Structures are given as structure tokens and as C-alpha cells.
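For reference, the chains in residue letters:
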Amino acid sequence: MSRWECIVCGLVYDEKEGWPDDGIAPGTKWEDVPEDWLCPDCGVGKEDFELLEESPIEDTPHHEEPVVDKVHAPVVILGTGLAGYGLAKEFRKHDAETPLILITSDDGRSYSKPMLSTGYTKDMSTDDLAQMDAGSMGRMLKASVWTMTKVGEIDTANQLIKVGDNETAVHYSKLVLALGADVIRPPIEGDGLDKVYSINDLLDFDDFRTAMKKNDAKKVCLIGGGLIGCEYTNDLINGGFATETVDPLGYCLPTLLPEPAGKAVQAALEEKGAKFHFGPLVTAVNNADSGVKVSLNNGETIDADLVVSAVGVRPRVDLAQASGINTNRGVVTNRLLETSAPNVYAMGDCAEVNGHVLVYVAPLMAQARALAKTLTGEPTEVSYPAMPVTIKVPACPVTVAPPAQGAEGEWSFEIDGNNVKGEFRNAAGDLLGFALTGDATKQKMALQKELPPIMP
Ligand SMILES: Cc1cc2nc3c(=O)[nH]c(=O)nc-3n(C[C@H](O)[C@H](O)[C@H](O)COP(=O)(O)OP(=O)(O)OC[C@H]3O[C@@H](n4cnc5c(N)ncnc54)[C@H](O)[C@@H]3O)c2cc1C
């Protein structure tokens, strides 16, 4: 099976999927697609499609010749997540020519990270989730994408980075750190730690899915009942697995939701069969005759086949720190996304922008649009409107716009079963945040209009 790409708009025809909307059945070979078929997106004919080689996923580093001419040095983006690729797409809208290099320590496939926690619900494999490989992304972006390549050092004075073995040096005119966030690993003991998975990227997802099959897993213990933990709990239940979720706080999504809303999510998931242990910490994971035994600090144990750890993420700041760039909770930037080093910028999950660390998609897209302009000669500060977060718990949909830290006000609630409308208002009656579950999520648009921007 091969894939063909429209050279005008980038739409991909995949023989495996066909184009059922136009009556072309899955499995239809390209040569059997009617000659008068037109690109559904831009209307060009078959002759404007090119064979897209399915370049194999690279498992060895590949480097190109170092660029040594600093005057004509490329723009370099570190990271090919939604932030790195998102910025590259925006950049190309303003500048089609400047050489662009993207460097990533993974295989460079483009994918939507939020979809990782919907894999069972939507019956999607790793390959289904991967939208394009690094080669196709490079062609689309007119960029060079270096995969499986770790950047070890940034020499900010000479504007160069050292990659891989630290012997390849690349000059940059502008450098963007879009390095994402690392999962936090809770301190857990035991001989079963190789059965504890964190699913924070496509490769993690693939490892986890492989382990689920290999272990013929029926039951998963989740550490963490926050956004990621609850999404995976619901997804595993939808996949037909049993779950037990442990969180030291008192209810679902405790750091994002006020109690009545969190309890509604908990009740809805319990109705679907999820089990929760609120209060204790996981202290050990040990191998058992079959699967693992998970020990809690209240003396209880949980039997499971595998464990998913979902206790949160921390911006990746190591590279910036080691290179003398200011870091705090994230890589510190101003609203132009400039770091403390000249011509070095940061965005996405790794960045702390004007004091805000927001590890969500909407902020990074706002950053990508602003930074693309800045990099192409129109300095543009990033602004954040109100950006409610939708949490993918189909058992009880959730939309939340948490009030800013330290905001003064009070929550009030309308509760009807698992449908909760929570509003956080100040003494003057201004809406500063909201939490909606179940049917109440339909009121998101109306409430969002009332919210103040996060960063005007
Ligand atoms: C399961 C899950 C569900 C989510 N759901 C939602 C949701 O519903 N809504 C929402 O808004 N957000 C959601 N998020 C958060 C959202 O997905 C992230 O905010 C976003 O994807 C971060 O993108 P990023 O590009 O900053 O980081 P990443 O996607 O992590 O990309 C980081 C890149 O940097 C590279 N890299 C790291 N270190 C190096 C190095 N030293 N050298 C070279 N390259 C390096 C990595 O290989 C990678 O390419 C979810 C996250 C998860 C895990």
C-alpha cells in the first residue's frame, strides 16, 4: 500500500483508506483511482500528486553537513511536537525561503499528543495516530528534519549547537527551544518497575500497547487521578479493561476542579466500572505470580497486569540550564518568547512565558502564531485569551477554566446528578473561572465570553 501527496496543498491519498466520500473504497490502488478524480481540498488533478515514500522510521541518528556560514545560518527549532511543527508551519506562511532545520530526539513523526489518551476509545493504533513521517513533514515544510538526534549543548555566545556526539556543530541565526515536558516519576520501590509505564509520546504509546498485548493484560493500575490519569482510566475502560486508580488527594482532577465537579467525574467513571483509591500514595510495585502487586502506604495492595504512572509533567529545562539560559519552573521568556540569551526563544510545554507555564495546546498555538511573525521581522508579543481546557472523559465530559492562582472569589454550584455548573466569581460578581461537567458543558461558550483574558 502506498500514499500519494498533493503537491499543491499537501493532502494525502492513502491506498489503505481510499476516499470513501468520493466513492473510492479502502484498498483502492492509486492507478485504479478514476483519472478525473480531483484533490478534495484544492481541486487539482491526479497528475499533481506525488508518490510519498513511506520512509522507514529511523533508529539511527542522521546528521547533515554542519552549516558554518553564520550570516546565512538557518533558523533551528529543537523539538517536533505540536509546538515545533506548529511553529514551522506558521513560519512558512511568512517566509518560504530561509533555511529551516528541525531537530528531534524522537522519530519525528507528526501526531496529535492529546489523541494518545483516546487510543482504545477510537480504536487507533500507533500507526493510525501518526499523521506523517519526518520525511513528509520535511518536504511539506521545506525544512530539514533531523531525527533521533539529541542536542547536548548550546553555545549561546557563538550561536551554535552541538548535536549527537557533540562533534557536529550547527550555527543558527535564531534558535527555538520547543523541547516539551518530562513526566514526573514518583519515588516507587520494588522489582516490578519495568511494568510501570508513562505514556507521554508516540513511542511511549507504542511501548505500552505492545506490553498490553504481550502480557495479555486485563487490568491496569493507574497512579494519578488528574487530567492524564482520568483520561487514561476512561480510555482503558472503553477498551474493556478493569482499572484501579490511586491518588493521594480526595477526588478526580483535584488540582483542576472544585470538589462537586471532581466528584461528578468520579461517580460517572465508577458507574462505568472504574475503582478509585483516594488518599494513599503508591510506595512499591513488585512482580507477582501473574502481573504485579502495587503497594499503597495505607497497607492496601492492588493486583494488576500493568501500571500507568500519570502524576504530571515538568518542563524540560536541562539543556537551557546547562547552557546558562535563565530557567525557573520552565525556560523563562518574555512575551516575545525571547529567553535570556540573544536570538534564543522558547515555546510550548518547556516555556514559562511571562510567568505562565501552561502545558496545553491552545497556548502553544498562540505562541506559534506570534513567534512566526517575530522570527520573520515583525516583533509580536503573545497574548492569551481565556482558554478553557476540555478533558476527554467521555463518561462525564469536562470543561474547565481554572481561576488564576491567588484570585479572590467564591465558587457557587448548580448540581443535577453528574451535571455540575460551577462558577467562580469575585465580590463584584465578575466571572473569574468555571468548571462544567456532563450536560453543563453545553454552557461553555456563553461563560467563556464573560471570562477575562489570561494575558491580554
Ligand atoms: C495523554 C495526553 C493528553 C493530553 N490532552 C490534552 C488536551 O486534551 N488538550 C490540551 O490542550 N492539551 C493536552 N495535552 C497536553 C498537550 O498535548 C501538550 O501541551 C503538547 O502536546 C506539548 O507539545 P510540545 O511540542 O511543547 O512538547 P512535545 O510534544 O513533548 O515535544 C517535545 C519535542 O522535543 C524533543 N526533544 C526533547 N528533548 C530534546 C533534546 N535534548 N534534543 C532534541 N530534541 C529534544 C522531543 O523529541 C519532541 O519532539 C495532553 C497531553 C498528554 C500526554
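Here the structure is a predicted model, which means the values were calculated and not measured.

1. What about the pattern of salt bridges?
Then comes step 1: Scanning the entire structure with this criterion turns up 17 salt bridges.
Then comes step 2: Across the salt bridge formed by Lys93 and Glu90, the nearest N and O atoms sit 2.9 Å from each other. You can see Lys93 and its partner Glu90 sitting in helix 1 (residues 82-94), three residues apart, about one turn around the helix.
Then comes step 3: Overall, the relative accessible area of 61% leaves Lys93 in the exposed class.

2. What about the packing of aromatic side chains?
Then comes step 1: In the structure shown here, the tally under the stated rule is ten aromatic pairs.
Then comes step 2: With a centroid separation of 5.6 Å and 65° between ring planes, the pair formed by Tyr13 and Trp37 is classed as edge-to-face. Of the two residues, Tyr13 is situated in strand 2 (residues 12-14) and Trp37 in the loop between strand 2 and strand 3 (49-52); the sequence distance between them amounts to 24 residues.
Then comes step 3: The buried category is assigned to Tyr13, whose relative accessible area is 0%.
Then comes step 4: Judged by its relative accessible area of 6%, Trp37 is buried.
Then comes step 5: Ring plane angle 70° and centroid distance 5.5 Å describe the contact between Trp411 and Phe424, whose orientation is recorded as edge-to-face. Taken together, the residues Trp411 in strand 28 (residues 410-416) and Phe424 in strand 29 (residues 419-425) connect sequence positions 13 residues apart.

3. Some details on the state of the cysteines
Then comes step 1: Scanning the entire structure with this criterion turns up zero disulfides.
Then comes step 2: Free of any disulfide, Cys252 has its nearest cysteine sulfur in Cys230, 3.7 Å distant.

4. Let's talk about the sheet that holds strand 18 (residues 282-287)
Then comes step 1: Spatially, 18-19-20 is the arrangement adopted by the three strands of the open sheet, whose pairing is antiparallel. Both outer strands of the open sheet, strand 18 and strand 20 (301-304), are each paired with one neighbouring strand and no more. Neighbour to neighbour, the strand axes of the sheet diverge by 20° on average, direction disregarded.
Then comes step 2: With five bridges connecting them, strand 18 and strand 19 (residues 292-296) associate as antiparallel partners. Counterpart to Ala284 in the pairing with strand 19 is Ser295.

5. So, the confidence of the model for the chain
Then comes step 1: Looking at the chain, the pLDDT average stands at 92 and 93% of residues meet or exceed 70.
Then comes step 2: pLDDT under 50 marks residues 55-68. Its contacts with residues more than four places away, or in other chains, come to 31 contacts.
Then comes step 3: Per the prediction output, this complex has pTM 0.86; the corresponding ipTM is 0.98.

Each value, and the rule that gives it
Residue numbers run consecutively from 1 along every chain, following the written order of its sequence. With the structure being a predicted model, the display of local features is reserved for residues of pLDDT at least 70 and the display and counting of side-chain atom pairs for 80 or more, all residues being used for whole-chain, interface and lining totals. Each side-chain value is worked out from all heavy atoms of the structure, with water and hydrogens disregarded. The term salt bridge refers to a side-chain nitrogen of Lys or Arg lying within 4 Å of a carboxyl oxygen of Asp or Glu. A helix here means a DSSP run of H or I that spans at least four residues, while a strand means a run of E at least two residues long, and both kinds are numbered starting from the N terminus. Throughout, exposure labels follow a simple rule: accessible area from a 1.4 Å probe, protein chains only, divided by the maximum for the residue type, with under 20% read as buried, over 50% as exposed, and the rest as partly exposed. Paired rings are identified among Phe, Tyr and Trp, the last through its six-membered ring, by centres lying within 6.5 Å, and are further divided according to the angle between planes into stacked (under 30 degrees), edge-to-face (over 60) and tilted (the rest). Only a pair of cysteine sulfur atoms within 2.5 Å qualifies as a disulfide here. Should DSSP find at least two bridges between two strands, the strands are regarded as paired. Note on geometry: axes are lines fitted to C-alpha atoms, helical ones only across the stretch in contact, with angles between N-to-C directions running from 0 to 180 degrees. Values of pLDDT, which run from 0 to 100, indicate the predictor's confidence residue by residue. Any two residues having at least one pair of non-hydrogen atoms within 4.5 Å are treated as being in contact.

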